[in-house]
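# Per-entry structural report
Here is how the chains run, residue by residue.
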Amino acid sequence: MKLPSHDAAARTPGDGGHRVHLPHFPAGPLRQVARRLLLALLVLVLTVAIVYIDRAGYHDNADERVDFLDSVYYSTVTLSTTGYGDIVPYSDSARLSNILLVTPLRVLFLIILVGTTLEVLAERTREQYRLNRWRSALRDHTVVVGFGTKGRSAVETLCATGLPKNRVVVVDPNHKVIEAANAEGFAGVVGDATRSDVLLRAEAQRARQFVIATQRDDTAVLVTLTARQLNRGANIVAAVREEENAPLLRQSGADAVITSASAAGRLLGMSVQSPTAGAVIEDLIQQGTGLDLVERTVVKAEVGKSVRDTEDLVVSVLRGHRLLAYDDPDASPLRAADRLITIVRAPMVQE
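Since this is a predicted model, take the numbers as computed values, not measurements.

### Regarding the UniProt feature "transmembrane region" (unreviewed entry) in the protein
Within this numbering scheme, the UniProt entry marks residues 37-53 and 99-122 as carrying the feature "transmembrane region" (unreviewed entry). Measuring from the first to the last C-alpha atom of residues 37-53 gives 24 Å, for a span that is 100% helix and 0% strand.

What follows is the structure in structure tokens.
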């Protein structure tokens, strides 16, 4: 099987480097401009108030007295650093207020005027701080490689079962796909997941599980090999298109392999024979609505009981590495270390 260096989607022109993109929802440009104008107006009003309160300490060369209009005029030319010199502070209090109050306000006014450049620098610093804090706090998360139809559906299912969005990191070679993931509240890494440095940016070495949903089977094999090399203990679930590639994925280190084309075909065939049965299966695999298929531990009250005596509808019993059907004689009585695959009613969503 030919193994390309990256997925077909990676050939999108204009993609960025291997960077981490955290969810960010900036304010619109009009709102940012309005906020700056409001700050500038606030600084001007404050300066006018300071000058007008101490107007007796200022001298006007025109009529030797300073009124409200003169205070506004002096504040305007002072904040803009023009300084015509026709109105000057001559008392000690006026000069002191200029040193301690007006001068800092002038500096603040200039900062607002050149705020675009400063905002870029501040944004970079803030983004770097958010990134460092995110990396230090990220533990036992889920790395999703590929955010197409399969990857997006997998993430929706995981979030429906209670996985927080801040515990999901999406890796995809397409910059626009990562932007879409950010818009939905997920952190993302732009890059080719077959490369270890890209997965390291997603903190793959500390991840709990991987969902590999690439467009090509050969890419899925390479990603699985790379992920298993970086993280020996993580649970890796991968999707392939062709059934013949599933054994290769398992040999590469995948704990579970889903054949997407075959699974869809089986569901189609079942729906032809029994549309209702197909609808039930679709409901079971869609978490959060109707009936849910969940795996849980055996509670203390269920130890020693028969499978049929549990409150939930048990489909299978996982005992060690053995998967026992509900009607298997070895499934009962239940043991404390068993795990149950059950069908339960999905919890009602509270408004």
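Next comes the rest of the account.
### Quick word on the environment of Gln 205
Along the chain, the position of Gln 205 falls in the loop between helix H7 (196-201) and strand E7 (209-212). Here the alpha-carbon distance between Gln 205 and Arg 232, two residues 27 residues apart in the chain, equals 8.5 Å. Residues contacting Gln 205, with those up to four places away along its chain left out, are Leu 200, Leu 230 and Asn 231. Within the structure, Gln 205 has its side chain in polar contact with the side chain of Glu 203 (distance 3.1 Å).

### A closer look at unusual backbone geometry
Across the chain, the bulk of peptide bonds are trans and the bulk of non-glycine residues have phi less than zero. Between Ser 332 and the following residue, Pro 333, the backbone shows a cis peptide bond with an omega angle of 0°. Considering the arrangement of structural elements, one finds Pro 333 in the loop between strand E12 (322-325) and strand E13 (339-345). One non-glycine residue, Asp 140, lies in positive phi territory at about 50°. Mapping Asp 140 onto the fold places it in the loop between helix H4 (115-137) and strand E4 (142-145). Relative accessible area serves as the criterion here: at 45%, Asp 140 is assigned to the partly exposed category. Unlike most non-glycine residues, Glu 203 shows phi in positive territory, near 55°. When its relative accessible area of 9% is taken as the criterion, Glu 203 is described as buried.

Criteria and thresholds
- Residues numbered from 1 in each chain as written.
- Predicted model: local features only at pLDDT ≥ 70, side-chain atom pairs only at ≥ 80, totals over all residues.
- Heavy atoms only, no water.
- UniProt positions renumbered as here; feature names shortened; annotations may be inferred.
- Helix = DSSP H or I, 4+ residues; strand = E, 2+ residues; numbered from the N terminus.
- Contact = heavy atoms within 4.5 Å.
- Polar contact = N/O pair within 3.5 Å; in protein donor to acceptor, adjacent residues only side chain to side chain.
- Buried < 20%, exposed > 50% of the residue type's maximum accessible area, 1.4 Å probe, protein only.

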